[in-house]
Amino acid sequence: EAGVAQSPRYKIIEKRQSVAFWCNPISGHATLYWYQQILGQGPKLLIQFQNNGVVDDSQLPKDRFSAERLKGVDSTLKIQPAKLEDSAVYLCASSFLRGSGANVLTFGAGSRLTVL
Amino acid sequence: GNSVTQMEGPVTLSEEAFLTINCTYTATGYPSLFWYVQYPGEGLQLLLKATKADDKGSNKGFEATYRKETTSFHLEKGSVQVSDSAVYFCALSGGDRSSGNTGKLIFGQGTTLQVKP
């Protein structure tokens, strides 16, 4: 099966500019996650969708980050305006089940953002 | 809330050496436990998992046993290869009595493994 697709792979912007990342999950996966991975740290969940509804966005900096998953398939994560500390890899993941103990997330290759 | 702690890296080994990467967790309930691996330039890949106490996950020569009494899930391999060089992440899912099981993963900070020929 096709994996989780993400684009762009790399993006360099100036601070205060905006950026958007796109994710297409594995077909049939109802749950979609956006994680932020800062260099040298483990991934941190930003937002989780179940179909097109938000399950958890408690760690999303809502003053500058937004995400949507229209039609319950692909998703877009936006940052506006960007800060230096937003430099990170943004990982998208999807899974088939939400509340199962055997829930396995499949990750995309990530989008690396550098804010200058 | 739930959390995962891994041993600091980098870990540098010679080929065919024995590997242990320590991982301990904090949870109010009984989570599922995972090891993910990130090879250079690639995304995170599931390496192995265990869903209940005393379960042993294994894959590609790697093993980890879910130890409830010590809240640990240490990763081991008997003989590492240069191709095992990567960053290894321990993670948990569920086991949070206050928020229930949403399926999200909570990760440790990662341990870099370098294997030299």
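Since the model is a prediction, treat every value here as computed from it, not as a measurement.

Looking now at the overall build of chain B. A count of helices and strands for chain B gives zero helices and 12 strands. Taken from the N to the C terminus, the helices and strands of chain B come in the order β-β-β-β-β-β-β-β-β-β-β-β. Its C-alpha atoms give chain B a radius of gyration of 14 Å, within 12% of the compact-globule value 13 Å for 117 residues. Seen along its three principal axes, the alpha-carbon backbone of chain B occupies a region of about 45 × 30 × 20 Å. When each of the 117 residues of chain B is scored for burial, the buried share is 46%. Across chain B, every contact between residues at least 6 apart in sequence was considered, and the portion connecting residues at least 24 apart equals 59%. For chain B, the accessible surface area stands at approximately 5400 Å², while carbon and sulfur atoms represent 47% of it. Across chain B, the centroid of the 10 positively charged side chains sits 6 Å from that of the 11 negatively charged ones.

Our focus in this paragraph is the sheet that holds strand 1 (residues 5-7) of chain A. All names here are of chain A. Overall, antiparallel pairing links the four strands, which are arranged 1-3-8-7 in an open sheet. Sheet topology places strand 1 and strand 7 (65-68) at the edges, where each strand pairs with a single neighbour. Across this sheet, the average inter-strand angle for adjacent strands is 15°, counted without regard to direction. Bridge count between strand 1 and strand 3 (residues 19-24): three bridges; the pairing is antiparallel. In the sheet register, Ser 7 faces strand 3, and the bridge partner there is Trp 22.

Each regular strand carries side chains that alternate between the two faces of the sheet. Residue and element names in this part refer to chain B. Of the two faces of strand 12 (residues 111-116), only one is covered, namely that formed by Thr 111, Leu 113 and Val 115; the face formed by Thr 112, Gln 114 and Lys 116 stays uncovered. Here four bridges tie strand 2 (residues 11-14) to strand 12, and the two strands are oriented parallel to one another. Among the inter-strand pairings, Thr 12 is bridged to a residue of strand 12, identified as Gln 114. Where strand 10 (residues 86-93) meets strand 12, three bridges bridge the pair, whose relative direction is antiparallel. What sits directly across from Tyr 88, in strand 12, is Thr 111.

This next bit is on unusual backbone geometry. Between Ser 7 of chain A and the following residue, Pro 8 of chain A, the backbone shows a cis peptide bond with an omega angle of -10°. Cis geometry is adopted by the peptide bond preceding Pro 10 of chain B, which originates at Gly 9 of chain B and carries an omega value of -5°. Relative to the helices and strands, Pro 10 of chain B is located in the loop between strand 1 (3-6) and strand 2. Although it is not a glycine, Arg 16 of chain A sits at a positive phi angle of roughly 80°. By secondary structure assignment, the location of Arg 16 of chain A is in the loop between strand 2 (10-13) and strand 3.

This paragraph deals with the nonpolar core. Of all hydrophobic cores here, the largest spans 26 residues; its most connected members are Leu 19, Trp 35, Leu 47, Leu 48, Phe 73, Leu 75 and Tyr 88 of chain B. Only strand 2, strand 3 (19-21), strand 4 (23-26), strand 5 (32-38), strand 6 (44-50), strand 8 (62-65), strand 10 and strand 12 of chain B provide two or more residues apiece to this core. Of all the elements, strand 10 of chain B adds the most residues to this core, at four residues. Leave out the neighbours within four places in its chain, and Phe 73 of chain B touches Cys 23, Leu 33, Phe 34, Trp 35, Leu 48, Lys 49, Ala 50, Ala 64, Thr 65, Tyr 66 and Cys 90 of chain B. Counting residues in hydrophobic clusters, the runner-up holds 21 residues, among them Val 4, Phe 65, Tyr 90 and Val 115 of chain A.

The next subject is the interface of chain A and chain B. With 24 residues of chain A in contact, the opposing surface of chain B contributes 19 residues. Interface area for chain A against chain B, summed over the two sides, is near 1500 Å², with a carbon-plus-sulfur share of 54%. Counting across the interface, chain A meets chain B through one salt bridge. Residue Asp 56 of chain A is joined to Lys 104 of chain B by a salt bridge in which the shortest nitrogen-to-oxygen separation is 3.1 Å. Applying the counting criterion to the chain A and chain B interface returns four residue pairs in polar contact (both at pLDDT 80 or more). Elements with a contribution of two residues or more to the side of chain A that touches chain B: strand 4 (31-37), strand 5 (44-50) and strand 6 (53-56) of chain A. Here the side of chain A that touches chain B takes three residues from strand 4 of chain A, the largest share from any one element. Residues belonging to the side of chain A that touches chain B are distributed by class as follows: 11 nonpolar, 10 polar and three charged.

About the cut-offs
Residues numbered from 1 in each chain as written. Chains lettered and ligands numbered in written order. Predicted model: local features only at pLDDT ≥ 70, side-chain atom pairs only at ≥ 80, totals over all residues. Heavy atoms only, no water. Helix = DSSP H or I, 4+ residues; strand = E, 2+ residues; numbered from the N terminus. Rg over C-alpha atoms; globule rule 2.2 N^0.38 Å. Buried < 20%, exposed > 50% of the residue type's maximum accessible area, 1.4 Å probe, protein only. Contact = heavy atoms within 4.5 Å. Areas by Shrake-Rupley, 256 points an atom, 1.4 Å probe, with all protein chains shown as cover. Lys, Arg positive; Asp, Glu negative; His and termini not counted. Charge placed at Lys NZ, Arg CZ, Asp CG, Glu CD. Pairing = 2+ DSSP bridges. Axes fitted to C-alpha atoms, helices over the stretch in contact; angles between N-to-C directions. Core = buried A, V, L, I, M, F, W, Y, C linked by side-chain atoms within 4.5 Å. Buried area = accessible area lost by both parts, 1.4 Å probe. Salt bridge = Lys/Arg side-chain N within 4 Å of Asp/Glu carboxyl O. Polar contact = N/O pair within 3.5 Å; in protein donor to acceptor, adjacent residues only side chain to side chain. Nonpolar A, V, L, I, M, F, W, Y, C, P; charged D, E, K, R; others polar.

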